[in-house]
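# An overview of the molecular structure
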Amino acid sequence: TSFGFSTVGEGEKQGLVNDVFHKVAERYDIMNDLMSGGLHRVWKDAMVSVLAPPKTPASEWTLLDVAGGTGDVATKVVRRSNESVKAVVCDINNSMLNVGQDRATKAGLSELVRFSQGNAEDLPFPDKSFDAYTIAFGIRNVPDIPKALREAHRVLKRGGRFLCLEFSEVDVPMLDKVYDAFSFNAIPAMGKMVTGDGEPYRYLVESIRKFPHQEQFARMIREAGFERVTYRNYSGGIAALHTGWKY
Ligand code: SAM
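All values reported here derive from a predicted model rather than from experimental measurement. (Residues numbered from 1 in each chain as written. Predicted model: local features only at pLDDT ≥ 70, side-chain atom pairs only at ≥ 80, totals over all residues.)

### Considerations on the overall build of the chain
In terms of regular secondary structure, the chain is built from nine helices and seven strands. Against the globule reference of 18 Å for 247 residues, the chain gives a C-alpha radius of gyration of 17 Å, in line with a compact fold. Buried residues in the chain amount to 40% of all 247 residues. A separation of at least 24 residues holds for 73% of the contacts in the chain among residues at least 6 apart in sequence. (Helix = DSSP H or I, 4+ residues; strand = E, 2+ residues; numbered from the N terminus. Rg over C-alpha atoms; globule rule 2.2 N^0.38 Å. Buried ≥ 20, exposed ≤ 12 C-beta atoms within 10 Å, placed from the backbone. Contact = placed C-beta atoms within 7 Å.)

Spelled out as structure tokens, the structure:
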């Protein structure tokens with residue numbers, strides 16, 4: 001690439017991603033705070049506000065949070081609903097899920113937040129099972145993104161909502177330069193400091209650069225069958241939230 005480090009083939013991609021998250025599971029949330037300066041919390045809270053989970057659902061209402069890691073988004077959604085909805089956290093990585101399961105148990109939420117190992121490209125759930133699907137900073141890591149989007153569509157009920165929070169393309173002059181300098185130097189350096197290895201973080205930063213920009217990604221979501229697809233930028237496009245509906 002023009003960034004001076006080698007790219008990774010599709011086949012190796014999932015393996016590398018898995019290594020990163022096995023290594024960092026215990027320190028994952030601290031890394032998130034460090035690397036985003038706490039902004040990931042603000043973006044996730046905004047995502048939960050857009051979803052606006054029901055506080056008095058007429059019937060059982062269930063969220064599927066894919067690539068949900070330690071259950072951050074799922075927990076926020078359940079809390080926002082005054083503990084009246086349920087959530088399933090699905091992630092390919094058991095180390096992340098174990099940290100999340102412990103945390104949910106300690107928070108007294110183990111009845112409402114469940115953890116299930118699975119691949120976003122091949123979800124272990126029947127058709128039309130969920131009222132909402134969220135994926136935060138996860139879809140970028142999935143080798144076959146169109147496949148994951150089709151799976152999202154499949155497992156949602158009619159009238160179900162899709163929300164995807166992901167790093168995106170910065171559209172503010174100067175901020176893009178600062179952001180590039182920060183991510184290519186500071187992020188691998190912090191990764192090395194906390195986990196002892198900067199290389200996986202170089203790869204994660206590169207994956208942000210390769211991810212389709214806002215309009216392109218919206219098109220991919222429409223191609224998977226979603227309707228009323230829109231997006232909004234957060235922090236000048238450092239992150240973007242894409243949403244759509246299944247009808
Ligand atoms: N959503 C959480 C959050 O925002 O804090 C975790 C995001 S973390 C950056 C990315 C997660 O994607 C990791 O937990 C990783 O294991 C998971 N992941 C990577 N590839 C996946 C796949 N193919 N299917 C499901 N999860 C995957």
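There's more to say after this.
### Comments concerning the UniProt feature "binding site: S-adenosyl-L-methionine" (unreviewed entry) in the chain
UniProt records the feature "binding site: S-adenosyl-L-methionine" (unreviewed entry) at Thr 70, Asp 91, Asn 119 and Ala 120, using the numbering of this structure. Examined against the element boundaries, Asn 119 turns out to sit in the loop between β3 (113-117) and β4 (130-136). The exposure class assigned to Asn 119 is partly exposed, which follows from the 19 C-beta atoms found within 10 Å. Within the fold, Ala 120 resides in the loop between β3 and β4. Ala 120 sits in the buried class, given 23 other C-beta atoms within 10 Å. The residues touching Ala 120, leaving out its near neighbours within four places in the chain, are Val 66, Ala 67, Gly 138, Val 142, Ala 148 and Glu 151. (UniProt positions renumbered as here; feature names shortened; annotations may be inferred.)

### A word on the sheet that holds strand β2 (residues 86-91)
One open sheet accounts for seven strands, arranged β3-β2-β1-β4-β5-β7-β6; its pairing is mixed. Each of the sheet's edge strands pairs with one partner strand only, and the pair in question is β3 and β6 (227-234). Taking the axes of each pair of neighbouring strands and ignoring which way they run, one obtains an average angle of 15 degrees across the sheet. Here strand β1 (residues 62-66) runs beside β2; their pairing, made up of five bridges, is parallel. When the bridges of β2 are listed, Asp 65 appears paired with Val 89. Those strands touched by helix α5 (residues 94-106) are β2 and β3, and its axis lies near 165 degrees from that of β3. (Pairing = 2+ DSSP bridges. Axes fitted to C-alpha atoms, helices over the stretch in contact; angles between N-to-C directions.)

### Remarks on the packing of helix α6 (residues 145-155) against helix α9 (residues 214-223)
At a minimum axis distance of 9 Å, the contact between α6 and α9 shows a crossing angle of 50 degrees. Here α9 runs oblique to α6, going by the angle between their axes. Handedness of the α6/α9 crossing: right-handed. In this structure, α6 contributes Ile 145, Pro 146 and Leu 149 to the contact, and α9 contributes Met 220, Ile 221 and Glu 223. For the contact of α6 with α9, the per-class residue count stands at five nonpolar, no polar and one charged. (Parallel < 35°, antiparallel > 145°, perpendicular 65-115°, else oblique. Left-handed = near helix turned anticlockwise from the far one by under 90°. Nonpolar A, V, L, I, M, F, W, Y, C, P; charged D, E, K, R; others polar.)

### Section: the nonpolar core
In terms of nonpolar packing, the biggest core is built from 63 residues, with Met 47, Val 77, Ala 87, Tyr 133 and Leu 165 touching the most fellow members. Among the elements that make up this core, the one with the highest residue count is strand β5 (residues 156-167) (six residues). Beyond its immediate chain neighbours, meaning those up to four positions away, Tyr 133 contacts Leu 64, Val 66, Ala 152, Val 155, Leu 156, Gly 160 and Phe 162. (Core = buried A, V, L, I, M, F, W, Y, C linked by C-beta atoms within 7 Å.)

### Describing the site of the ligand
The immediate surroundings of the ligand are formed by 20 residues, with Ala 67, Gly 69, Asn 93, Ala 120 and Ala 136 found nearest. Its residues assigned to classes, the shell around the ligand comprises eleven nonpolar, six polar and three charged. (Near = placed C-beta within 6 Å.)

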